[in-house]
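Structural overview
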Amino acid sequence: DVKVTQSSRYLVKRTGEKVFLECVQDMDHENMFWYRQDPGLGLRLIYFSYDVKMKEKGDIPEGYSVSREKKERFSLILESASTNQTSMYLCASSLQGTGYEQYFGPGTRLTVT
Amino acid sequence: QKEVEQNSGPLSVPEGAIASLNCTYSDRGSQSFFWYRQYSGKSPELIMFIYSNGDKEDGRFTAQLNKASQYVSLLIRDSQPSDSATYLCAVEGGGFKTIFGAGTRLFVKA
């Protein structure tokens, strides 16, 4: 069974803080993704990575950065959290290539006050 | 920008009825299509995928794909209250990306 875990289920941070969200997968997947999910807007891709140390911007990368130093771990960093980054953050992984299903972690509900 | 459109619902059906969920997409080059189910407070999980025109059946679920019309649908037969969830249509977007629709909320009334 594929398992994708995220470091926190709920997180409350203050405006301006640096925030780290971590994601680990145990299926040796090449691709990893970070999404945010907001009501009415669906899943929006922030960044993805198709290999160690490789990253690509998604549709809404502003205000975020990522790190992938090991194949199983993909981190999302909010350099200076803002209230409009309050959201549900979902990590996912998949096999390399296109047309493969994505396996999602449980999500992190981030609130920035 | 590549888009995937779904009616947000809610779609309400009685227990035992057929629920029909629809999705259109903008990229004619897309080859892979997925339906994910997301229960409230949970993360999405895959329930169906389809690559070829026509129907694909898996238990009570049938996915239908019409590439000429850029249309994909999901039928749920004998709907159960446990099917109440948000259903996300997803389409391969090229370059390892998947484009997700905003989802249709389904309520199955007992």
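In case you missed it, the structure is sitting above this.
This write-up is about the structure you can find in this document.

1. Points about unusual backbone geometry
All names here are of chain B. Residue P10 is bonded to the preceding G9 through a cis peptide linkage, with omega at 10°. Topologically, P10 is positioned in the loop between strand 1 (4–6) and strand 2 (11–14). Even without a glycine there, the phi angle at Q70 is positive, about 55°. Within the element layout of this structure, Q70 appears in the loop between strand 7 (61–66) and strand 8 (71–76). Despite not being glycine, D78 shows a phi value in the positive range, around 50°.

2. Focus on the packing of aromatic side chains
By the definition in use, this model includes 11 aromatic pairs over all chains. Geometrically, the ring pair formed by A:F33 and A:Y35 is stacked, given 6.1 Å between the ring centres and 25° between the ring planes. In this structure, A:F33 and A:Y35 share a single accessibility class: buried. Site record: aromatic cluster; members linked through ring pairs are A:F33, A:Y35, A:F48, A:F104, B:F34, B:Y36 and B:F100. For the cation-ring pair, A:R9 lies above A:Y10, with the distance from its terminal atom to the ring centre recorded as 5.7 Å. Over the ring of B:F49 we find B:K56; its NZ or CZ atom is 3.4 Å from the centre of that ring.

3. Focus: the side chain of A:Q102
Mapped onto the secondary structure, A:Q102 falls in the loop between strand 9 (87–94) and strand 10 (103–104). Under the relative-accessibility criterion, A:Q102 is labelled buried at 2%. In terms of polar contacts, A:Q102 uses its side chain to reach the side chain of B:T98, at 3.1 Å. With near-sequence residues (within four places) excluded, A:Q102 lies in contact with A:F33, A:Y35, A:A92, A:S93, A:S94, B:Y36, B:T98 and B:F100.

4. Considering empty space enclosed by the protein
All names here are of chain B. All chains considered together, the criterion is met by two cavities of 30 Å³ or more. Looking at the second largest cavity, its volume works out to about 40 Å³. Every residue lining the second largest cavity is listed: K2, E3, V4, Y25, S26, D27, S30, V91, E92, G93 and I99. Among the elements that line the lining of the second largest cavity, the one with the most residues is strand 9 (residues 85–94), at three residues. For the lining of the second largest cavity, a count of residues per class yields four nonpolar, three polar and four charged.

5. Description of the sheet that holds strand 7 of chain B
Residues and elements named next belong to chain B. With antiparallel pairing, the five strands of this open sheet are ordered in space as 1-3-8-7-6. With partners counted over all chains shown, the strands left at the sheet margins are strand 1 and strand 6 (54–58), one partner each. Neighbour-to-neighbour, the strand axes of this sheet turn through a mean angle of 20°, independent of strand direction.

6. Re the interface of chain B and chain A
With 19 residues of chain B at the interface, the matching set in chain A holds 25 residues. Of the roughly 1,700 Å² buried where chain B meets chain A, counting both sides, 58% is carbon and sulfur surface. For the chain B face of the interface with chain A, the top three residues by lost area are B:F96, B:K97 and B:F100, together amounting to 37%. Run the count over chain B and chain A and you get four residue pairs in polar contact (both at pLDDT 80 or more). Broken down by secondary-structure element, the contributors of at least two residues to the side of chain B that touches chain A are strand 4 (33–38), strand 9 and strand 10 (97–100) of chain B. Residues that form the side of chain B that touches chain A fall into these classes: nine nonpolar, eight polar and two charged.

7. Points about the layout of surface pockets
Computed from the structure, the largest pocket encloses a volume of approximately 560 Å³. Lining the largest pocket are 25 residues, and of these A:Q37, A:P39, B:Q38, B:T86 and B:R105 lie nearest its centre. Taken together, the elements giving at least two residues each to the lining of the largest pocket come down to strand 4 (31–38) and strand 9 of chain A together with strand 9 and strand 11 (104–109) of chain B. It is strand 11 of chain B that contributes the most residues to the lining of the largest pocket, four residues altogether. Of the residues assigned to the lining of the largest pocket, the class counts are 10 nonpolar, 11 polar and four charged. A volume near 320 Å³ is recorded for the second largest pocket. Along the walls of the second largest pocket sit 20 residues, with A:L41, A:L43, B:V4, B:I99 and B:F100 positioned nearest its centre. Those elements that provide at least two residues to the lining of the second largest pocket are strand 5 (42–51) of chain A together with strand 1 and strand 10 of chain B. For the lining of the second largest pocket, the element with the most residues is strand 5 of chain A, which contributes four residues. Its residues assigned to classes, the lining of the second largest pocket shows eight nonpolar, seven polar and five charged.

Parameters at a glance
Residues numbered from 1 in each chain as written. Chains lettered and ligands numbered in written order. Predicted model: local features only at pLDDT ≥ 70, side-chain atom pairs only at ≥ 80, totals over all residues. Heavy atoms only, no water. Helix = DSSP H or I, 4+ residues; strand = E, 2+ residues; numbered from the N terminus. Phe/Tyr/Trp six-rings, centres within 6.5 Å; stacked < 30°, edge-to-face > 60°. Buried < 20%, exposed > 50% of the residue type's maximum accessible area, 1.4 Å probe, protein only. Lys NZ or Arg CZ within 6 Å of the ring centre and 35° of its normal. Polar contact = N/O pair within 3.5 Å; in protein donor to acceptor, adjacent residues only side chain to side chain. Contact = heavy atoms within 4.5 Å. 1 Å grid on protein atoms, 1.4 Å probe; cavity = no way out; pocket = protein on both sides within 12 Å on 5 of 7 lines; lining within 4 Å. Points joined across faces, edges and corners; volume = space filled by probe spheres on them. Nonpolar A, V, L, I, M, F, W, Y, C, P; charged D, E, K, R; others polar. Pairing = 2+ DSSP bridges. Axes fitted to C-alpha atoms, helices over the stretch in contact; angles between N-to-C directions. Buried area = accessible area lost by both parts, 1.4 Å probe.

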